[in-house]
Structures are given as C-alpha cells and as structure tokens.
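# Fold and contact review
Residues per chain are reported as follows:
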Number of protein chains: 2
Amino acid sequence: MRKLFACRMDHVHRSFIREILKVTEDPKIISFAGGLPNPRYFPVEQVADATAKVLAENGAGALQYSTTEGFLPLRQYIAERYRKRFGMQVDPAEILITNGSQQALDLLGKTFIDEGDPVLLERPAYLGAIQAFGIFRPEYRTVLLEEDGVNIAQLENELSRGDVKLFYTVSTFQNPSGISYSSKKRQEAAAVLERHDTVLVEDDPYGELRFIGEEARPICGYYRKNAILLGTFSKIVAPGLRLGWIVAPPEIMEKLIIVKQGADLHSNILAQRIVWQLLQDHELDKHIRTVRAVYKRQRDLMVEMLKRYCPTEVRFTRPEGGMFLWLTLPEGMSALDVFHEAIKENVAFVPGNAFYVDGGGENTLRLNFSNADEAMIEEGIKRLGKVLAKMMEVYKL
Amino acid sequence: MRKLFACRMDHVHRSFIREILKVTEDPKIISFAGGLPNPRYFPVEQVADATAKVLAENGAGALQYSTTEGFLPLRQYIAERYRKRFGMQVDPAEILITNGSQQALDLLGKTFIDEGDPVLLERPAYLGAIQAFGIFRPEYRTVLLEEDGVNIAQLENELSRGDVKLFYTVSTFQNPSGISYSSKKRQEAAAVLERHDTVLVEDDPYGELRFIGEEARPICGYYRKNAILLGTFSKIVAPGLRLGWIVAPPEIMEKLIIVKQGADLHSNILAQRIVWQLLQDHELDKHIRTVRAVYKRQRDLMVEMLKRYCPTEVRFTRPEGGMFLWLTLPEGMSALDVFHEAIKENVAFVPGNAFYVDGGGENTLRLNFSNADEAMIEEGIKRLGKVLAKMMEVYKL
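Basis of the calculations
- Residues numbered from 1 in each chain as written.
- Chains lettered and ligands numbered in written order.
- Predicted model: local features only at pLDDT ≥ 70, side-chain atom pairs only at ≥ 80, totals over all residues.
- Heavy atoms only, no water.
- Helix = DSSP H or I, 4+ residues; strand = E, 2+ residues; numbered from the N terminus.
- Rg over C-alpha atoms; globule rule 2.2 N^0.38 Å.
- Buried < 20%, exposed > 50% of the residue type's maximum accessible area, 1.4 Å probe, protein only.
- Contact = heavy atoms within 4.5 Å.
- Axes fitted to C-alpha atoms, helices over the stretch in contact; angles between N-to-C directions.
- Parallel < 35°, antiparallel > 145°, perpendicular 65-115°, else oblique.
- Left-handed = near helix turned anticlockwise from the far one by under 90°.
- Nonpolar A, V, L, I, M, F, W, Y, C, P; charged D, E, K, R; others polar.
- Domains from an automatic or database assignment.
- Buried area = accessible area lost by both parts, 1.4 Å probe.
- Core = buried A, V, L, I, M, F, W, Y, C linked by side-chain atoms within 4.5 Å.
- Least-squares fit on C-alpha atoms with pLDDT ≥ 70 in both.
- Pairing = 2+ DSSP bridges.
- Phe/Tyr/Trp six-rings, centres within 6.5 Å; stacked < 30°, edge-to-face > 60°.
- Lys NZ or Arg CZ within 6 Å of the ring centre and 35° of its normal.

## Regarding the overall build of chain A
- Scanning chain A for helices and strands turns up 12 helices and 14 strands.
- The C-alpha radius of gyration of chain A comes to 21 Å, within 12% of the 21 Å expected for a compact globule of 397 residues.
- Expressed as lengths along the three principal axes of its C-alpha atoms, the size of chain A is roughly 65 × 55 × 50 Å.
- Residue burial in chain A is summarised as follows: out of 397 residues, 63% are buried.
- Long-range pairs, those at least 24 residues apart, make up 74% of the contacts in chain A with a sequence separation of at least 6.

## As for the packing of helix H4 (residues 100–112) of chain B against helix H8 (residues 250–264) of chain B
Residue and element names in this part refer to chain B.
- As a packed pair, H4 and H8 sit with axes 10 Å apart at the nearest point and diverge in direction by 115°. Considering their axes alone, H4 and H8 lie roughly perpendicular with respect to each other. In the packing of H4 onto H8, the handedness of the crossing is right-handed. Contacts from Gln 103, Leu 107, Leu 108, Lys 110, Thr 111 and Phe 112 of H4 reach H8 at Ile 252, Lys 255, Leu 256, Val 259, Lys 260, Ala 263 and Asp 264.
- Of the residues contributing to the contact of H4 with H8, the split by class is 7 nonpolar, 2 polar and 4 charged.

## Observations regarding the domain arrangement of chain A
All names here are of chain A.
- Taken domain by domain, chain A holds domain 1 (7–42 + 286–394) and domain 2 (44–281).
- Across the boundary between the two partners, domain 1 contributes 33 residues, which contact 32 residues of domain 2.
- Between domain 1 and domain 2, the buried area comes to about 3000 Å², and carbon and sulfur atoms account for 66% of it.
- Summed over the three residues of domain 1 that lose the most area to domain 2, namely Arg 292, Glu 320 and Val 357, the buried surface amounts to 21% of that side.

## Topic: the nonpolar core
- Among the nonpolar cores identified, the biggest contains 174 residues, and Phe 112, Ile 228 and Leu 367 of chain A together with Phe 112, Ile 228 and Leu 367 of chain B are the most heavily contacted of them.
- Excluding residues within four positions of it along the chain, Leu 367 of chain A makes contact with Phe 32, Met 302, Leu 306, Met 323, Phe 324, Leu 325, Leu 327, Phe 349, Ile 381 and Leu 384 of chain A.
- Ranked by size, the runner-up nonpolar core spans 112 residues in total, among them Ile 95, Val 150, Tyr 223 and Leu 241 of chain B.

## Overview of the relation of the copies chain B and chain A
- Screw-axis analysis of chain B against chain A gives a translation of 0.0 Å along the axis, an RMSD of 0.0 Å, and a rotation angle of 180°. Read as a symmetry element, the transformation amounts to a two-fold axis.
- The fraction of interface residues of chain B whose copies in chain A are also interface residues reaches 100%, indicating that both copies meet through the same surface.

## Digging into the sheet that holds strand E14 (residues 364–368) of chain B
Residue and element names in this part refer to chain B.
- Read across the open sheet, the 4 strands follow the order E10-E11-E14-E13; overall the sheet is antiparallel. Edge positions in the sheet fall to strand E10 (315–316) and strand E13 (350–351), since each has one partner strand and no second.
- Taken together, the 2 bridges between E13 and E14 define a ladder with antiparallel strand orientation. Across the sheet, the residue bridging to Pro 351 is Leu 365, located in E14.
- Contacts from helix H10 (residues 284–309) reach E10, strand E11 (324–328) and E14 within the one sheet, and its direction differs from that of E11 by about 20°.

## Focus on the environment of Leu 72 of chain A
Residues and elements named next belong to chain A.
- Here Leu 72 lies in helix H3 (residues 72–86).
- For Leu 72, a relative accessible area of 41% corresponds to the partly exposed category.
- Taking the C-alpha atoms as reference, Leu 72 lies 7.3 Å from Pro 92; in sequence the two are 20 residues apart.

## So, the sheet that holds strand E6 (residues 166–169) of chain B
All names here are of chain B.
- Here we have 8 strands laid out as an open sheet, ordered E2-E9-E8-E7-E6-E3-E4-E5, and mixed in their pairing. Where the open sheet ends on each side, the last strands, each with one partner, are strand E2 (95–98) and strand E5 (149–150).
- Both E2 and strand E9 (residues 244–247) contribute to a ladder of 4 bridges, which runs antiparallel. Residue Ile 95 lies in a different strand from E9, and its bridge partner there is Val 247.
- With respect to the sheet, helix H3 (residues 72–86) is in contact with E2, strand E8 (227–232) and E9, its orientation differing from that of E2 by roughly 120°.
- Here H8 sits on the sheet and contacts E2, E8 and E9; the angle it forms with E2, its principal contact strand, is near 25°.

## Some details on the packing of aromatic side chains
Residue and element names in this part refer to chain A.
- The final tally for this structure, using the stated rule, is 16 aromatic pairs over all chains.
- With 5.9 Å between their ring centres and 75° between their planes, Trp 326 and Phe 355 make a pair best called edge-to-face. Placement of Trp 326 in strand E11 (residues 324–328) and of Phe 355 in the loop between strand E13 (350–351) and strand E14 (364–368) is noted, with a sequence separation of 29 residues between them.
- With relative accessibility at 7%, the residue Trp 326 sits in the buried group.
- The ring of Tyr 222 carries the charged tip of Arg 217 above its face, separated from the ring centre by 5.4 Å.

Written out as structure tokens, the structure is:
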C-alpha cells in the first residue's frame, strides 16, 4: 500500500509537554508547567488604543495583503533598539517579521537542515526548537550547558568535526534551565564559531526580562558572518499577536524571505501595525520595567519558598531574569515519578527529560514563575516540597 | 566546503510574479497583475468595533498564548456555515485555523510530500501551491483543466498509475483561469478519487464570490475519505488578518496539528477573536452580497472592454465569480513579450507561463478584476488592447 504521509512524519508525535499541559488545565491544579507570560500585565488598553488609531488612519492598509519581509517601520524600530541596547548595527533589510520565534525556527529548519545533518544543541535544550528542527530529521548532538554557558572545549570539539550544520543556543535565561552565558563565554563561543564559520542560531526571547545584573550583548554581537538572531514581542508586548523576527545576513535573508513567502505570504499586518503604533505612543522600557519588577518578586518568592519547603538535597538555579527555575533532584530520582505524585497534590511542573535529546536529565524539572501570583507560588511550592520530601523517603535518599 | 543551505533550497528562487508585482508598484501603472481583493470594501469599522469589544471583554485571553487548533467558536462557525451552504457535516474538531490558505498548503506539503513524490496539479495551476509544495521537491504531473473542470479521463489515467501522493485543485473560480468545475465534473472527479483512495486537496478561496449561477458543492462534499478542504477569510473579510482553515478527517488532522504546532504554535488569537466577534455582530452574507455586486460590475465591465478593444483573435474566460479573467492569445504569441510592451504603456498583468509546471501556456495571461475601479478597467483594457493589436502586427498574425 502507498504510504499516506511523508517519511518525516514517521516519528512525529504530539509533544509530551502538550499532553502535560492538558492535565494541568484542571483549575484545581497550581501549574508551574507552562511557559506563559503573566497576562495581568498585558498592555490591553494600549493595544485597544493602537488598534483604533491604526484602523482609523489606514484601515485598508492594515487589512490588505502586505510584504513578506514585514512592516518596514516596525523593522526599523527593532534595528534601532539593537543599536541602543548593544551598539549593534543591524540594517532593517536584515530583519524578517515572523509569527513568533517558533515560526523563525521552522523557517530556519527548512532553509538549513537536510535529513541527517548534524545540528548542535545545548544540553538541556529548548523543546520548541527540538520539535521545529526535528521534523527535518537532523542528527542531534549536544554540548553541556554549564552555569555560565556552554562548555567551550566541547563546543570546539564538536565544531572541529567539520560537519555541524548549525549551533542553536538560548544564551540568556535559557528555557528550560534559566542559565545565562557569562560575557566571557559569549566571546569565547563567538571565537570558536568564527573559526569554524558555523551557522549560529541565537534565540533571545527572554533577554529583555533581566531583573538582576547587566544586559549582556548577544553572541551575535561578537560573531556576525553566519549568525542569526531571533527576537520576539511575545514576552515584552503579548504572545497572542504572534510576532517575532529573524536577524540574518543578506545571503541567508534572501533564502528566508522565499521560504517565508511559501509558508504564509506574510505575518498578520494589522498586528504588526498595532505593535508599531503602540511602540510610538508608549514607552516600551517603562512597560518592561513593570514586568521585570513583577517577575523578580515572583522569582524571589519562589526561591524563598524552595529554600523553606524543599529538601536541601534538591538544587535549583537562581536566574537573573526570564521565566524559569530549574531543579536538579538527587541522582537516581525520577522527576516523572514526582510529577505523577505532584498531580495528586494538585501541583504541576515539566519533568526535564524532554529537554535532553540524547537521554538523561531524568532527575531535573522546570518551574515557571512568570505566570503565577504570589499566593499560588507559596501554596504550590509548599505542596511540591511535601511531595519531594515524601518521594525522597520512597527513594530512601 | 560544507553546503550552507539544505538541498531543498538549491532550485528555490524568488517568485517571478513577486518580481513582476514590484515593477507594477509604480503608481503610473494600471495593474491587473495582483490577486488582491478590493480594499474599498474591507469592513474596517466592523473590525474596529469587534476589536474594541474583544479587548474590553477578555483582553488577556485575546493576547495570551492559545491552542494550536484555533479558537473553538470560530471553528464552530465555519462548521455551521458548511452545513448551511452545502448540507456538509463537518465536526469543529476536523477544522484547524491557519495563517491564510498559504500556510495550509505549506503544512500539507510538509505532512504529505517526500522528495520525488508525484503530486498532481491542474494545468494551469495556482502558483502559491506550486511554490509551497515545490520546496518539498515533488515530481509534478498535470491534468488538463477544461472549461467545465479537469479532464476526467486524464485524471483517471494519472491516478491509475498508483503512485500519486495527492491531487490539488481549485475547483471554483480557479486562480489563474477563473474556471469552475461543473456539478457533473465534481461528482465524476469524486468518484475517480474515491476509487483510488487518493488524497484530495481542494482549495476554495473564491467560492463565496459567486455572482452568476448557483453555489456548487465542493468535491469534498462527494468524497470524504482522504479529502482535505481549504478555506479562508481573506476574500470575505480581509487578507491582512491571515486567517484561513483546513478541514481534514481525524487521522490527517492529528498530523496537521502537530505540524502546525512546530510551525508557529498557533495563529494570531486576537485576529481569530476579532473575526468571530465581527461574525456575531454583523451579517456576513450581507457583506458578501456587496462584494459580489461590486466584483460582478467590474468583471462585466472588463468583459465589455475586452470585447471592445481586444483583437477578436484573443479568447478570454467569462468567470461566474472570483477575481480573475484568463486570456488566450493566438498560438505562437508570447504573453511575456506583450508584458514588456504593456509596461511601456503603463498597464500590467501576469503572463500565464508561470502557472504551467511542465511548460506551455506562453500565449496565456491572467487579468485581475477585483482590485480595480471602473475608470482603471476602461483605461487599462484600452491600453492593453492597443498593445495586443500592435503585437499581433509584429507577429504578423
């Protein structure tokens, strides 16, 4: 019999996290499983005002077909923001508007990955990238993510093999680990990438959500040749609008535009104009300061509660920004087992194993602190601590 | 040296039409080249009202991440409309919201097409599908599109070979030809497809834009097993919102949802809620009646002007709806040559050759009548007629 689907679909299944998130939809459950921004701080009125203005001033333009590259004034804004934040020179022609960063990953997978191509990920790695690239059937390899960024010797070692198609990193407040590269590691990684001319895909959805320490220049600020930088409005404006972007050098951008055109012609132009109008009428930095302050409070409280309620054998990261904390349970303990027990106590998280493409990480788990109010964090971590203590007894640790 | 891009990018270039549309951006040029709806009739105020309401009632819900499948009430509306229009039973669970039909084509290409898979197209075929499927490197085959639909004997013949992965059709007011399948041909095609269990992708962006004759049940109304039906709000609400949908049976939908999730998580939820709200507060049929009346006037005028100004050797379709007229020049004449002359006279169209994946069609061209006012049609067709008459002298026809 003819095969119904393409071979690339053979090993594609519904995401494990997606299934987990379904379980946690029960309103009884305090969920730290999702990766959602806090909707209380969405600029709802600003979006409403901007929409009214956009439609009143050029309704036809906001509702008609538009260019694949995206709304030029919005791309100019993004370029200017890179200049202000990092002194990076980005030409608006090097920016393509996408449907969130997820579409950027899909377009990049399509543009770069042939079946069997080695793609280098961090260990652990962002699940959305694992899925988006995965459909093009690369051979995944990994480099260890340490507390201050990727292990440079391993990176050098992997790239010396000469066949790696691209290296994918979330260099700031990584999902799932919350880890950020130190400035030193950024420069070292850039030097290694430069030496090997490797395609770098640096995904930066969380960089603006820093509440401790100094802003860190992206690795793309040090290495430009085959360097691709992804950004998004999902965490600084709102994710429902599905607006992200790709910064890439001209040779690569030329291909990405063609691929984007085939993929959906262009991103929602009303949404692009709304966001641009909102950025004209309101100070983005002020909004970001509010969000940062809130997330810092929530992160601090979660850290405090973990200290209070969690067995001391459990280690956890103290991220300087972003949306996630990363827990490491004692060796031999299964976060998936803990998950099943935790659900009984009406608290949820994401077991870490799914972030390890080559196995391992069974004793790790991810906690989201952005989309939880303070009462939820207190009560949820208390419940989780109880479950962990009980499980450690079971494991006789 | 390592290859920078994936092999699928080897023969991918900017679309010819895209380059043509650039030429026609010059405001001096009267362009019948695009495929745009008439922006004068976009429901701008209705979109503004709906947005205000959506944001006031549930701003957070409209701006947060959402489900991959799409906004359920909107999918229910779509299902109900199929029931009302054609008596078709569609479960909302069989509907996936996409970023316009173009994304539907991309998701389907990814889900079904392996390199070298035979994909059957109409001759001529819609360029957006040629591009979206093309990146997955199928082997294109074609069946002739006649005045009342595809040639059934050819369809039977091609499907008997047993290796065709899918058949793609725009069965109503086709782009580029304006041709619609007769009711008889729809049923005959369904029977052939059923006999071979072939995957059918029936793209129906224009079906609601009928201004002459009776509504025709989609081929998917007769053949359901591996039948996929595409629809869009681009022509009945507005294209800038990028909202279309796929109707597919459960086994196929399961895969499409996974692929959509990897591609961009979900479509813009604010836009989905806006369209749903607009459909609650306003009668879509009333709006469609207005658009139909306008397009009919423009189509009638274009037909009249072609009769008046065009050499009688030039044949053209009289579509009962949609947005396009299709011209066939005398054998041996090149529409691309005509195009270059026409540009000098400040009138533009799309030469038909690009719609023929296996060559031919050099003497055909597409005219868009939806996005042109009456004065433009009069003057533009007059200019085109002059160019055609002149060119026929050159060709000594």
